Amino acid sequence: MEQFVSNVKYFTERLLQKQMTNCDDVIEELFSKACGLENFPQIPDPMLEECAIQLWNWAVTKNTGSSLTNMQKAKVRHVACSLLYCCEGETPTEGRIRKQILMASKAGRTWLDCKNPPNADIFLNLAVKSLETLYSKLTSRADRSSDTTLSKEDVEKDLLRILSFQAESALSQGNNTEALAYIQRCKDMLLRLPKDTAYLSLMCYNFGVDTYNMRKFEDSTIWLSQSYNIAKMNVKYAPESQVQARILRLLATVYVEWDCQRFQEKALNAVSLANKECMSTSGLYLKIRILLRCGASDDHIRAGLSEILEVEAALDECLSTVNLLVSEDRELLAFEFLKRVCQHFEASPDLGSALVLHAELLLQRGKELLGKQKIEDIITGHYTGKQLSPQALTCLHLMLWDKACKYFEARNYSEALQWYNYSLSFFQAGQLDPNLAKLQRNRASCFLQLKQLEKAKDAVKEAERCDPDSIFTQFSVYKVAVLENNAEKAAEALKAMGLLSKAPVSREDRLLVPETAASHLLKLAAQIALENEQQEAAMKALEILCENCDDAGLLLSALRCLVRLVLSTIEQRTEGMSAGSLDVLLPYLKMALHNISHQSSLAAEQRTEYADWFRKIAWNSALYCESRPDRMRDFFVLSYQASMELSHLCPPDRGLLMGQKTCLLMAAAASLELCRKSLLSDQVHHPLPLPRLPHLASSSSTRMEMYQEQQRREVTNAAGASTEELTRVLEQIQTCREVWKTLKASGNFSTDPTDTLLLLYEFEACAKLNNPKVETVLESVLELQNVEAKVLETIAALAMEPPAHFPLLCRKALRVALALHRNPPQVDLSRCRQERHSLRKITFYQQTISTNKCIHSLINLSLPSGVSEAEARVLQEAWGYYEEALSIIAASPDDFPQMETLWLLTRAWNTGILLYSLARYVEAEKWCGLAMSFVRHLGSLQESYETQMSTLYAKILDRLEKARIKHGPRAMEE
């Protein structure tokens, strides 16, 4: 117990600290401690009593500054009151009991305010017990002084308040019978406390209101009857007559809503009593309502209506009664009473409200001719002294526009125009009013539907004069311009609409939703242009819509329409589909893809549909861009991105994966082609002279070296600009390889060349980037099953295509290719009996050409182009290739190209001359002799070359002989 006291003291001191800002945690701690004192064990400790008083006073101080919530206040009072009762001795003093009563009653009231009646009951019961104890003490006194009498009266007053609180608590917990019992005790006390009559009557009235709101009609009638009966117990201290009338009117209303037929008499009695207590238009209105609900005769109702006029009811109240009669299908009575109202208020400035209502009722009842006549009378009166109030005029405008709108929707445009013209009659000439602009726009729409273009133009001009900064006005200008085929004016209006679409747009004539009004207007503008065969205007409208639209679905729909229009326009041009004409599609496709991937508001089905549609458009566009590899690449990349979005929305199937693979392959191929073109455009092309014979061989070789070096430098500079593109190619290849890996796991693709293509593209990109990975890529190519010689020849060409320069890799690839040509795979000719011989011949010829190309390239790489390269090993390798070339020529002399033979001859001869210049006479004679062996295979050129070369060969032999005599055999061998 000492620990409990210590804790209470600690938390109380913390709460009383001035710097305490967040007291909620401390209050919770104190409340949790006090909740354990349910039976209030006696703890006669002065410290606890002091804490209770301090906490109570602290709550009072904080409550003054409104810094505590009701719940916090209730918990602090709960703790303080509980502590005070714990400190109660066996014979508490009157002062302590009064403190207990005060604190318990206020704690209970606070819990009631917090909608916690169970906690309230605890303290209200304590308060009642303490009051009984105090009353017993006062009664047991020997003296009968006036102070004692006053104290007993105070106790009874407190008891009445607490009993009323207990009734409220019981009612909030659904115990209506218990609540009535508490109120009955209070009623018994009113004989001694008459001044509390009004308090108790209003308390019961509030109970009646609460139960009525909960639709507990029986309980509500009980409480309202109690309220009125209590008021009649003491007229002097009862609520004023207006309040009693209100009680009775609510009682009548409850009877009507509960069961009008069953409680008709009670309802009428209640409202009659209310009107006797205090005559009011609300009471008379309620009486009319009850009579109507009960199906009373017209005469009874007329009598009630006459009472309303007799009490000088306001015009609005009379018009409400008219509407009530109309709603209960008492049309005749409604028009009769309305006529009497108009006569009664003829001199009132607000008479226009009654006239407008009269016209509205006529129109609602289908009496359109009478309604029009009434409106025309109102217009005449408006300009002859019976001017409508602003409120009545607004109501009339709304009624006229609503009528016109219905006719417009029914396509009865001439009738709609007539109703708009009625509205126009109330505007002054030259008046500037946004509503007038709206009216003129509506009139223009009617004129356009009636094919009256000039009148529509006049109406639109008026709208522009009144409200030029409205997007609706500019839309009307645009419609007229389109119908006039005025492209310039239409473009200006669309531009203005685009600027105005950034501002919020209000609702107009139930046509558009406010949040997307501008977007829908631009969509409608495009539709109008298309209906009038003006594609340029439609495209402009859709472009502005796409720039300003926040609705993902509408935006994608507009982009799809825009793309279709662009494609349609391109197809109509003379050049048709081309890479240049398709450039305009790129930003639209990019915008569409961005919105598909970033808009989670769209349903998955919609995103899937749009992604697939734009993917196909990007794919088809790429196919038309063969002459523009940059555009082909962009379109294939977009198609791939769209297909990736599809794979996020639905499980990717085989077809989708094939599409992704193809897009990546084509994009990589286009990027490589773009790099080739970029490099070629930066090269300076100088035609090389044909190789000449002996006396020019050395100088020609030197110039060749200089030219190749210059060319290599220039190409290297061009390659630097393409580094980013090539790096992107490698990324695409890697992505494609992952897709291809997934695809291969789903089936057999043994005949698909994708692996080969990926390696070819990777080799080319790495070679142009001078990436050492090229060797690894070549090894991967060689590891492929059934690799073709043609693939290796392509690798060899790429290895030496500027800026790449990998002669060793080139030779390696060509050697493998040559080996494949020497041992080609057998062609199955069993099914081609008649053409077997021809096919063999064609295959042999193709093989010869391919082998020759390999040999040509290997010789070109192997033969020295300068002094420093004339090594014996290199010459020996080249010699072997020449021997193979001779064997091929010998096998099929007629199939070997003559110019190729001439090239072989020239290179061998020039090599011999180079060796001769190096004093390597034996080798020189050998190579010159090799060149001479090709002369007999020159065909028609044999004679001219044989004569020239024989003479030169003789001179070389002569020089060789002289050199041999001069230097000796040993020198010759060296």
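Keep in mind that this is a model prediction, so the values were computed, not measured.

Observations concerning the confidence of the model for the protein chain
Part 1 of the argument: Summing up the model confidence of the protein chain, the mean pLDDT is 84 and the portion of residues at 70 or higher is 87%.
Part 2 of the argument: This model gives residues 831–845 a pLDDT under 50, and the stretch forms 9 contacts once residues within four places in sequence are excluded.

Notes on the environment of Leu 83
Part 1 of the argument: With respect to the helices and strands, Leu 83 occurs in helix α4 (residues 70–86).
Part 2 of the argument: In this structure, the C-alpha to C-alpha distance between Leu 83 and Val 5, residues 78 residues apart in sequence, is 10.0 Å.

Notes on helix α29 (residues 604–623)
Part 1 of the argument: Look at α29: 29 Å from first C-alpha to last across 20 residues, which is about the 28 Å you get at 1.5 Å a residue.
Part 2 of the argument: For α29, the set of buried residues is Arg 607, Tyr 610, Ala 611, Trp 613, Phe 614, Arg 615, Ile 617, Ala 618, Ser 621 and Ala 622.

Focus: the packing of aromatic side chains
Part 1 of the argument: Evaluated as defined, the whole model comprises 14 aromatic pairs.
Part 2 of the argument: Note on Tyr 212 and Phe 217: the rings are 6.2 Å apart at their centroids and 50 degrees apart in plane angle, and the pair reads as tilted.
Part 3 of the argument: Phe 217 sits in the buried class, given a relative accessible area of 13%.
Part 4 of the argument: Taken together, Trp 879, Tyr 882, Trp 927 and Phe 934 form an aromatic cluster joined through their ring pairs.
Part 5 of the argument: The ring of Phe 165 has Arg 109 lying over it, and the distance from NZ or CZ to the ring centre is 4.8 Å.
Part 6 of the argument: One residue, Arg 262, lies across the ring of Trp 258, its end atom 5.7 Å from the ring centre.

Describing helix α40 (residues 898–917)
Part 1 of the argument: Given a rise of 1.5 Å per residue, 20 residues ought to cover 28 Å, and the 29 Å separating the end C-alpha atoms of α40 matches this to within 8%.
Part 2 of the argument: Of all 20 residues in α40, 16 are buried; the element is thus mostly enclosed.
Part 3 of the argument: Once α40 finishes, Ala 919 follows within two positions and takes phi at roughly 65 degrees, a positive value.

So, unusual backbone geometry
Part 1 of the argument: In the segment running from Pro 802 into Pro 803, the intervening peptide bond is cis, with an omega of 5 degrees.
Part 2 of the argument: Looking at the secondary structure, you find Pro 803 in the loop between α36 (789–800) and α37 (807–822).
Part 3 of the argument: Of note in the backbone geometry, Ala 919 takes a positive phi value of approximately 65 degrees without being a glycine.
Part 4 of the argument: For Ala 919, the location among the structural elements is in the loop between α40 and α41 (921–932).

Description of the packing of helix α13 (residues 281–293) against helix α14 (residues 298–310)
Part 1 of the argument: For the pair α13 and α14, interaxial distance at closest approach is 9 Å and the crossing angle is 170 degrees. Considering their axes alone, α13 and α14 lie roughly antiparallel with respect to each other. Together, Leu 284, Lys 287, Ile 288, Leu 291 and Leu 292 of α13 and His 300, Ile 301, Gly 304, Leu 305, Glu 307 and Ile 308 of α14 make up the contact between the two elements.
Part 2 of the argument: Across the contact of α13 with α14, the residue classes break down as 7 nonpolar, 2 polar and 2 charged.

Thresholds applied
Residues numbered from 1 in each chain as written. Predicted model: local features only at pLDDT ≥ 70, side-chain atom pairs only at ≥ 80, totals over all residues. Heavy atoms only, no water. pLDDT = per-residue confidence, 0-100. Contact = heavy atoms within 4.5 Å. Helix = DSSP H or I, 4+ residues; strand = E, 2+ residues; numbered from the N terminus. Expected span 1.5 Å × (residues − 1). Buried < 20%, exposed > 50% of the residue type's maximum accessible area, 1.4 Å probe, protein only. Phe/Tyr/Trp six-rings, centres within 6.5 Å; stacked < 30°, edge-to-face > 60°. Lys NZ or Arg CZ within 6 Å of the ring centre and 35° of its normal. Axes fitted to C-alpha atoms, helices over the stretch in contact; angles between N-to-C directions. Parallel < 35°, antiparallel > 145°, perpendicular 65-115°, else oblique. Nonpolar A, V, L, I, M, F, W, Y, C, P; charged D, E, K, R; others polar.

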